[in-house]
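Each chain is listed here by its residues.
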Amino acid sequence: MSVLTNYSDLFLKTFGTTIQLFLFSAIGSLLLGTLLAMLRVSPVPVFRVAGATYVTLLRNTPLTLVFFFFAFAYPLLRIAQLDPFKGAVVALTLYTSAFICEVVRSGINTVPVGQAEAARALGLTFGQTLGDVILPQALRSVVPPLVSTLIALLKNTTVAAGFSVADAGSIAYVLSEDGADMLIGLSWVAFFFVVLVFPLTMVQRALEKRWSVAR
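Keep in mind that what you see is a predicted model, and the values were worked out from it rather than measured.

### Here we look at the UniProt feature "transmembrane region" (unreviewed entry) in the protein
Then, number 1: The UniProt record marks residues 21-41, 61-77 and 182-203 with the feature "transmembrane region" (unreviewed entry), using the residue numbering of this structure.
Then, number 2: A helix fraction of 88% and a strand fraction of 0% characterise residues 61-77, whose end C-alpha atoms lie 20 Å from each other.
Then, number 3: As annotated, residues 182-203 comprises 100% helix and 0% strand, and the C-alpha atoms at either end are separated by 32 Å.

Written out as structure tokens, the structure reads:
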């Protein structure tokens, strides 16, 4: 308990940064991942190829390498300056969106083909069919894997600690430098991550109950 009380400011600051990283990255990943899923089921071959290429590339690239790119290679392009926090948000968003895309696409594939055919018969465009008919049904069936992906994103935020972002992953470095009890300190880190995951689990259960799909 002494580790927690002695380093209370450190825990509050770093976990605050972790929560911000997660929220910004989660919103970005959900938006980009859904857009990618729409590209992957698009009737336009170029869009399908572009979406598949992105997903294949990012899913098979270690997250650490994505961080390395934005920490060391991206500044050489001289496009726009990104501080370590913004770079971490972009890296996490680009990486996680590939997994979100596959989750959403799997949900789209569960919607009966007749739904899309009926929408086209009513004169709806491809975008209207996806937005008004397909996606609302698809999202109901992918709540568990979608939340699991977001939980993985929350844990992946600790990678940012190795790239000058003072999030929860950096607590170990501080405790090590001060000679504090690492086992106790990291146990508290693990505990607080469980606390952060708990609301996501509750949201998943609530949505599953509300959007239960009749089998």
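### Remarks on the packing of aromatic side chains
Then, number 1: With the rule as written, the count across this model stands at 14 aromatic pairs.
Then, number 2: Taken together, the ring pairs in this structure connect F11, F15, W188, F191, F192 and F193 into an aromatic cluster.

### Here's the deal with the UniProt feature "domain: ABC transmembrane type-1" (unreviewed entry) in the protein
Then, number 1: Annotation from UniProt places "domain: ABC transmembrane type-1" (unreviewed entry) at residues 15-204.
Then, number 2: The annotated region residues 15-204 carries 81% helix and 0% strand content, and the separation between its end C-alpha atoms amounts to 22 Å.

### So, unusual backbone geometry
Glycine aside, residues mostly have negative phi, and peptide bonds are mostly found in the trans state.
Then, number 1: The backbone of S164 sits at a positive phi, close to 70°, despite the residue not being glycine.
Then, number 2: In this structure, S164 sits in the loop between α8 (143-156) and α9 (171-178).
Then, number 3: Looking at S164, the relative accessible area reads 66%, which means it is exposed.

Analysis parameters
The numbers attached to residues start from 1 for each chain and follow its sequence in the written order. For this predicted model, a pLDDT threshold of at least 70 governs which residues receive local features, and a threshold of 80 or more governs which side-chain atom pairs are given and counted, while totals over whole chains, interfaces and linings are taken from all residues. Water and hydrogen atoms were dropped before computing side-chain values, which therefore reflect all heavy atoms in the structure. UniProt positions are given in the numbering used here, feature names are shortened, and annotations may be inferred rather than shown by experiment. By the criteria applied, helices consist of DSSP H or I runs no shorter than four residues and strands consist of E runs no shorter than two, each listed in order from the N terminus. Each Phe, Tyr or Trp ring (for Trp, its six-membered ring) is paired with any other whose centre lies within 6.5 Å, and the angle between the two planes then decides the class: stacked below 30 degrees, edge-to-face above 60, tilted in between. Three labels apply to residues, based on accessible area from a 1.4 Å probe with only protein chains included: buried if under 20% of the type maximum, exposed if over 50%, partly exposed otherwise in between.

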